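Listed below are the residues making up each chain.
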Amino acid sequence: MKLRRVLMISPHFPPDSSAGTHRVRLLAPYLESNGWTPTVLTVDPKFYEGPPDRGLAGLVPANLRVERSKAFPARLTRLAGVGDLGLRSVFGLYTSAVRLLTREPHDALFITIYPTYPALLGPPLKARFGIPFILDYQDPWVSAWGDTVGGGRNGNADLKSRLSRRLSMQLEPGVVAAADAITAVSSETIESMLRRNPASRGKPTLTIPIGGDAKDFEQVPASRPLNAFFDPSDGFFHLCYVGTVLPLGIATLRAVLRAVSLVKDSRLDLYDRLRIHFIGTSNQRTAGVGDRVIRHAAELGVIDRVTEHAQRIDYLDAVTVQLDASALLLMGSSEPHYTASKLYPALLAGRPLLAVYHRASSVSEILGRAAAAGTHLVQYGDDDPAESYVAQIATELISLIE
């Protein structure tokens, strides 16, 4: 069988360790067995911000072809208030894609967002090379950012986030119209896109959740790094949350912390055993990032059981934390489309789970379908927010610890 060729454009790719790096990392190695030879076009690591994650880079198969492009250095663009890797890299990615497609014809073009600006390459590359274009959504192009949340004080929308949202609303329709197919991490993400772009109903669409790779967990124990955050053999119950705490997830976070306070009031013996670790809550690799959890833990009277490491950690360190945890905490946001990239790695870690999610999230559907032993799922909705389920969360937490 002759293999067809697909060019996959993703600015984030190992050794970059941001959440967006895993989409193509996890998809590309399995395409050849399904009739496609992938070429990954990404950014040269010297243009990433923060230290490289060499352990994550080591998980990329040696036979996967990866091409690197230039980008504008963040140290210069940030002088003008621009740090977005997609915007910094869009010209370099386009130049490299043109050079590659001129030399080596491909049968399809796959561009994943976030970041969003590289999606703008789809229409001109399609027109120039006659290549079918697939647009992949890891997150909605237009979301609550710049509307109800943003980069302002206390996570409120500010001028920059409002302008970003307005620009997104202007750019998305043309790219969606040019796309030959749409893929996304959840059906709600696709549906919200179609509500914004009703003329594109009828295009082929496919839901592909952000997955995990069992090979990551098979390879890690042999060279497992030391756990720098807690001693798994100290007799305490270590409940671990690994990942970003989003602005629209604060209400869920506070519901969980209120539940911890209820455990303190009703089962002090279990509360004394409990240690809760929030790791990588800022999604930033650079040092000095602000905490997102501790102030809420202090306000709700449970700071003596909560630790936070806001800086994003290396991927293998995150896997180690998950494997060492007594149980894992998963939390959603008020947006129904939200599908955590951490879900499948948490399932692969094989640890008990306390999951608190919007019932319309695909996470709730997947966990309900998986029916994994040790999974404690609490679901909320638009009319009954997470705060309504504090007592249930406390009951599930007690059940985990006992």
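Everything discussed here concerns the structure shown above.
Along each chain, numbering runs from 1 in the same order as the chain's sequence is written. It should be noted that, the model being predicted, local features are given only for residues of pLDDT at least 70 and side-chain atom pairs only at 80 or more, the latter also being counted only at that level, while totals for whole chains, interfaces and linings use all residues. Side-chain descriptors were evaluated using all non-hydrogen atoms of the structure, hydrogens and water having been removed beforehand.

## Quick notes on the packing of helix α9 (residues 250–266) against helix α15 (residues 390–401)
Part 1 of the argument: Think of each axis as a best-fit line through the C-alpha atoms, taken over the contacting stretch in the case of a helix, with angles from 0 to 180 degrees between the N-to-C directions. Starting at the N terminus, helices and strands are each numbered in turn, a helix being any DSSP run of H or I of at least four residues and a strand any DSSP run of E of at least two. Closest axis-to-axis distance for the α9/α15 pair is 8 Å, and the angle between their directions is 65°. Seen along the crossing, α9 lies across α15 with a hand that is right-handed. For the pair α9 and α15, the contacting residues are Ala 255, Val 256, Arg 258, Ala 259, Val 260, Leu 262, Val 263 and Ser 266 in the first and Val 390, Ala 391, Ile 393, Ala 394, Leu 397 and Ile 398 in the second.
Part 2 of the argument: Under the convention adopted here, Pro, Cys and the residues Ala, Val, Leu, Ile, Met, Phe, Trp and Tyr are nonpolar, Asp, Glu, Lys and Arg are charged, and Gly plus all remaining residues are polar. Considering only residue class, the contact of α9 with α15 consists of 12 nonpolar, 1 polar and 1 charged. Handedness of a crossing follows from how the near helix is turned relative to the far one, being left-handed for an anticlockwise turn of less than a right angle and right-handed for a clockwise one. When checking whether two residues touch, look at their non-hydrogen atoms; a contact exists if any pair is within 4.5 Å.

## Things to note about the sheet that holds strand β9 (residues 274–284)
Part 1 of the argument: In short, DSSP must find at least two bridges between two strands for them to pair. Ordered by their spatial adjacency, 6 strands build an open sheet running β10-β9-β8-β11-β12-β13, and the pairing between neighbours is parallel. Every other strand in the sheet has two partners, leaving β10 (306–311) and β13 (375–380) as the edge strands with one partner each. Along the sheet, successive strands turn relative to each other by an average axial angle of 20°, direction set aside.
Part 2 of the argument: Note: strand β11 (residues 327–331) against strand β12 (residues 353–358), 4 bridges, orientation parallel. From the neighbouring strand, Leu 330 faces β12, where its bridge partner is Ala 355.
Part 3 of the argument: In the packing of α9 onto the sheet, the strands contacted are β9, β10, β11, β12 and β13, and the crossing angle to β11 comes to about 140°.
Part 4 of the argument: Each of β8 (237–242), β9 and β11 is contacted by helix α12 (residues 315–324), which is oriented at about 145° to β8, the strand it contacts most.

## Some points on the side chain of Arg 23
Part 1 of the argument: Assignment of secondary structure puts Arg 23 in helix α1 (residues 22–27).
Part 2 of the argument: Under the rule applied, a polar contact is a pair of N or O atoms within 3.5 Å (in protein, one hydrogen donor and one hydrogen acceptor; residues adjacent in sequence only if both atoms are side-chain atoms). One polar contact links Arg 23 to Asp 136, side chain to side chain, over a distance of 2.8 Å.
Part 3 of the argument: In this structure Arg 23 touches Thr 112, Asp 136, Gln 138, Ala 184, Val 185, Ile 208, Pro 209 and Ile 210, once residues within four positions along its chain are discounted.

## Observations regarding the packing of aromatic side chains
Part 1 of the argument: In this scheme Phe, Tyr and Trp rings, the latter by its six-membered ring, pair at centre separations within 6.5 Å, and the angle between planes marks the pair as stacked below 30 degrees, edge-to-face above 60, and tilted otherwise. Overall, the coordinates contain 1 aromatic pair when judged by the stated rule.
Part 2 of the argument: Here, a charge over a ring means that NZ of Lys or CZ of Arg falls within 6 Å of the ring centre while also lying within 35 degrees of the ring normal. When the ring centre of Tyr 315 is taken as origin, the NZ or CZ atom of Arg 25, which lies over that ring, is 5.2 Å away.
Part 3 of the argument: In this structure, Arg 275 is placed above the aromatic ring of Phe 236, and the distance from its NZ or CZ to the ring centre is 3.7 Å.

## A look at the pattern of salt bridges
Part 1 of the argument: Salt bridges are defined as contacts in which a side-chain nitrogen from Lys or Arg sits within 4 Å of a carboxyl oxygen from Asp or Glu. Tallying each qualifying case throughout the model produces 19 salt bridges.
Part 2 of the argument: Between Glu 172 and Arg 196 there is a salt bridge whose closest N-O contact spans 2.8 Å. You can see Glu 172 sitting in helix α6 (residues 159–178) and its partner Arg 196 sitting in helix α7 (residues 187–196), a full 24 residues away along the chain.
Part 3 of the argument: Classification of residues uses two cut-offs on accessible area relative to the type maximum, computed with a 1.4 Å probe and protein chains only: under 20% is buried, over 50% is exposed, and between them is partly exposed. Assessed through its relative accessible area of 28%, Arg 196 is described here as partly exposed.
Part 4 of the argument: The residue Arg 285 makes a salt bridge to Asp 314 at a minimum N-O spacing of 2.6 Å. Here Arg 285, found in the loop between β9 and α11 (294–299), pairs with Asp 314, found in the loop between β10 and α12; they are 29 residues apart in sequence, far enough to count as distant.
Part 5 of the argument: Given a relative accessible area of 10%, Arg 285 falls into the buried group.

## A closer look at the side chain of Arg 88
Part 1 of the argument: The residue Arg 88 is located in helix α4 (residues 85–103) in this model.
Part 2 of the argument: Of the side chains bearing the opposite charge, Glu 49 lies closest to the buried Arg 88, which forms no salt bridge; the N-O distance is 4.2 Å.
Part 3 of the argument: A polar contact is formed between the side chain of Arg 88 and the backbone oxygen of Phe 72, at a distance of 2.7 Å.
Part 4 of the argument: Apart from the residues lying within four places of it in its own chain, the contact partners of Arg 88 are Phe 47, Glu 49, Ala 71, Phe 72, Pro 73, Ala 74, Thr 77, Val 82 and Gly 83. Think of it this way: Lys and Arg go in the positive column, Asp and Glu in the negative one, and His and the chain ends go nowhere.

## Overview of the sheet that holds strand β6 (residues 181–184)
Adjacent strands of a sheet form backbone hydrogen bonds with each other and so pair up, either parallel or antiparallel.
Part 1 of the argument: Reading across from one edge, β3-β2-β1-β4-β5-β6-β7 is the order of the 7 strands in this open sheet, with parallel pairing throughout. Looking at the sheet topology across the chains shown, the edges are occupied by β3 (65–69) and β7 (205–207). When the angles between neighbouring strand axes are averaged without regard to direction, this sheet yields 20°.
Part 2 of the argument: Taken together, the 3 bridges between β6 and β7 define a ladder with parallel strand orientation. Within β7, the residue paired with Ala 184 across the bridge is Thr 207.
Part 3 of the argument: On top of the sheet, α4 reaches β1 (4–9), β2 (36–43) and β3; it is set at about 140° to β2, its chief contact.

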